[in-house]
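# Descriptive structure summary
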Amino acid sequence: MAGKRKRKNGAERRGIHPRNRYSHNPPDFGLLASLYPSFEPYVFYSHDGRPKIDWTDFNATRELTRVLLLHDHGLDWWIPDGQLCPTVPNRSNYIHWIEDLLASDIIPANIADGDVKKGFDIGTGANCIYPLLGASILGWKFVGSDITDVAIEWANRNVKSNPHISGLIEIRRVGTEDKMYNAEELQNTPKCSSECSSDSSNAKDQIYGPSVSSLLESQSGTSKSYNGPAILLGVVKDGENFDFCMCNPPFFETMQEAGLNPKTSCGGTPEEMVCSGGEHAFIARIIEDSVKLKDTFRWYTSMVGRKLNLNILASQLWKVGATVVKTTEFVQGRTSRWGLAWSFLPASRKIVPSHKIEEHNLSFMLEGLQRQHSAFHVLQSVESYIEKGGASCKLDAAAFKVDITASKDQIDTILKTETTDNRSEAASYHPKLNIFNSSDDFPSQPDALRFRILVFQLNPGTLLVRGTSLERESCAAGISAPMFFALLCFFTVANVRAGRIASAMGLFSLIFQHLEEVLVNKFCRGRVSANAPSSKLGR
């Protein structure tokens, strides 16, 4: 199917969804300028005659969204200055992915309400974009929730401005009595450093509940979990049932972090962009609520801005009893977002976690390489990257492979190594992970890790990099399948109680993820790093 590829581990990777109306017909700025005089002042032409807009101009991006919704979807829409302005193609991707989930036979459909699907949009915002698109494209019913007066007022305005679908959408205010932060605090709070790396433990306490959280006590007294208003519990009414929920979470912890991309201006208030603990803590609270609400929703879903968080959250979902966990990638221009979906309803067929399908093999592709870069150059870069940490490398140029042996201290050094574009180490992208500070954190960490990196040329300009752990026998001996999976994914459950058994496979996965970023930054400069904070354009 166009616009859809399979990764080696079975996860979907998408560009623009094939049913997205912009899949084969991207917006024509020149045509729109000729049809809508209000948009014309924002369009200019490049030296090669292509119409463009200034993405750093909020008024331009807002007017583009307005005319796209009107021209392509028949929707009358507006938001006041400063509110988050969505990109229509990107949001349509999410809608169509949920459509795919609902159409699949993995989780049987609930036909209680006929053929009309009903969704819950967490934090619908003043733009109310998901309910408007879902109702206009697919005829879905929606409840959209939010906490601010401006969001509630303008979401209602946007619904009432479209009487042909207004009966399908309800805007619901969330009480803020329990709100424990304010916008000024969020703007002034410094970004969490590695000293806050135990934050994820409290998020897990929330997820697992009292009976399980006692098993995941943090060794540090410092924590940073979501402490804002209700998300699903207390907002969903007794007796309500939904086919799905969806969410564009607050991706960031501070407004300074949210404003790091100077190339776009899509607005966004502190309530829309940031929360204590960032997206990880916010989605962790959704997971906690879902554990309690269970089959109130057929599918729980959320957008995720960082791939590292996606891996962590997906692993947590299997541990709290989700019967199905699905992920996908949304690509819009140079910005990537990921979709995470899960359910607690009985699956119609057995779902095997992707981690277990190829638990000893990981891979990624390097695409768009220049002609002067070959598989051998990539192998040399792998060797150089590993040797900087002091690890032992044995390069076999004939077989296009590097065999690596690294001690615990060398692993720590490797993972602290900065990437080629001078961004911080992989762990800093998720400050809640802290595997470096003390050897006491993981007393059972392996003394040495052995793994192999191979490079294959798929076609000119495209290489496949595969990592294979050589710890199969030592890791698996005498360990049950559930325990092995827990060990494999240990790096996603950092800073747990003392005595938690660490996994060589987990370290291998983390090193390989960091290696991917290093090689992508060096050889594929056009791509946005998967784990770096994504731009507001895709928010």
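Residues numbered from 1 in each chain as written. Predicted model: local features only at pLDDT ≥ 70, side-chain atom pairs only at ≥ 80, totals over all residues. Heavy atoms only, no water.

An unreviewed UniProt entry lists the protein chain under the name RNA N6-adenosine-methyltransferase mettl16, with Sesamum angolense given as the organism.

## A closer look at the sheet that holds strand 8 (residues 242–247)
Hydrogen bonds between backbone atoms are what pair the strands of a sheet, whose relative direction is either parallel or antiparallel. Pairing within the open sheet is mixed, and its 7 strands lie in the order 7-6-5-8-9-11-10. Looking at the sheet topology across the chains shown, the edges are occupied by strand 7 (169–173) and strand 10 (324–332). Mean inter-strand twist for the sheet, computed between neighbouring axes without regard to direction, equals 20°. Packing against the sheet, helix 11 (residues 278–293) makes contact with strand 5 (118–122), strand 8, strand 9 (297–304) and strand 11 (335–343), and its axis sits at approximately 175° to strand 9. (Pairing = 2+ DSSP bridges. Helix = DSSP H or I, 4+ residues; strand = E, 2+ residues; numbered from the N terminus. Axes fitted to C-alpha atoms, helices over the stretch in contact; angles between N-to-C directions. Contact = heavy atoms within 4.5 Å.)

## Considering the packing of helix 3 (residues 88–103) against helix 4 (residues 129–138)
Closest axis-to-axis distance for the helix 3/helix 4 pair is 10 Å, and the angle between their directions is 60°. Here helix 3 is positioned oblique relative to helix 4, judged by the angle of their axes. Two packed elements cross with a definite hand, and for helix 3 against helix 4 that hand is right-handed. Counted together, Val88, Arg91, Ser92, Tyr94, Ile95, His96 and Glu99 of helix 3 and Ile129, Tyr130, Leu133, Gly134, Ile137 and Leu138 of helix 4 form the full contact between these two elements. For the contact of helix 3 with helix 4, the per-class residue count stands at 8 nonpolar, 3 polar and 2 charged. (Parallel < 35°, antiparallel > 145°, perpendicular 65-115°, else oblique. Left-handed = near helix turned anticlockwise from the far one by under 90°. Nonpolar A, V, L, I, M, F, W, Y, C, P; charged D, E, K, R; others polar.)

## Brief notes about the packing of aromatic side chains
All chains considered together, the criterion is met by 16 aromatic pairs. Taking the centre distance of 6.2 Å and the plane angle of 75° together, the rings of Phe29 and Phe39 count as edge-to-face. Here Phe29, found in helix 1 (residues 29–35), pairs with Phe39, found in the loop between helix 1 and strand 3 (43–45); they are 10 residues apart in sequence, far enough to count as distant. Classification of Phe39 by relative accessible area gives buried; the value is 0%. A ring pair is formed by Phe142 and Phe244, whose centres lie 5.6 Å apart and whose planes are at 80°; its orientation type is edge-to-face. Placement of Phe142 in strand 6 (residues 141–146) and of Phe244 in strand 8 is noted, with a sequence separation of 102 residues between them. Like Phe142, the residue Phe244 is buried in the burial classification. An aromatic cluster of at least three residues, connected via ring pairs, comprises Phe120, Phe242, Phe297, Tyr300, Trp342 and Phe344. Looking at Arg157, its charged tip hangs above the ring of Trp154, at a distance of 4.2 Å from the centre. (Phe/Tyr/Trp six-rings, centres within 6.5 Å; stacked < 30°, edge-to-face > 60°. Buried < 20%, exposed > 50% of the residue type's maximum accessible area, 1.4 Å probe, protein only. Lys NZ or Arg CZ within 6 Å of the ring centre and 35° of its normal.)

## With respect to the environment of Leu101
With respect to the helices and strands, Leu101 occurs in helix 3. Using a relative accessible area of 5% as the deciding quantity, one classes Leu101 as buried. Sequence spacing of Leu101 and Ala341 is 240 residues, and the spatial spacing of their C-alpha atoms is 8.6 Å.

## A closer look at the confidence of the model for the protein chain
For the protein chain, mean pLDDT is 74; residues scoring 70 or higher make up 65% of the total. Contacts for the low-pLDDT stretch residues 178–223, under 50 throughout, to residues beyond four places or in other chains number 106 contacts. Long-range and interchain partners of residues 473–503, a stretch whose pLDDT sits below 50, account for 78 contacts in this model, where long-range means more than four residues apart. (pLDDT = per-residue confidence, 0-100.)

## Some details on the nonpolar core
Core analysis: the largest hydrophobic core is formed by 52 residues, its most contacted members being Phe39, Leu64, Tyr94, Ile169, Phe244, Met246 and Trp299. Per-element accounting of this core gives the leading share, 7 residues, to helix 3. Not counting chain neighbours up to four residues away, the residues in contact with Phe244 comprise Ile98, Leu102, Lys118, Gly119, Phe120, Trp140, Phe142, Phe297 and Trp299. Counting residues in each nonpolar core, the second largest holds 36 residues, with Val235, Cys245, Ile286 and Ala322 among its members. (Core = buried A, V, L, I, M, F, W, Y, C linked by side-chain atoms within 4.5 Å.)

## Focus on the pattern of salt bridges
Under the counting rule described, the total for this entry stands at 14 salt bridges. One salt bridge connects Asp48 with Arg50, and the closest N-O pair in it is separated by 3.0 Å. Look at Arg50 and you get exposed, because its relative accessible area is 52%. Between Asp149 and Arg173 there is a salt bridge whose closest N-O contact spans 2.9 Å. Taken as a pair, Asp149 in helix 5 (residues 149–160) and Arg173 in strand 7 lie far apart in primary sequence, 24 residues in all. (Salt bridge = Lys/Arg side-chain N within 4 Å of Asp/Glu carboxyl O.)

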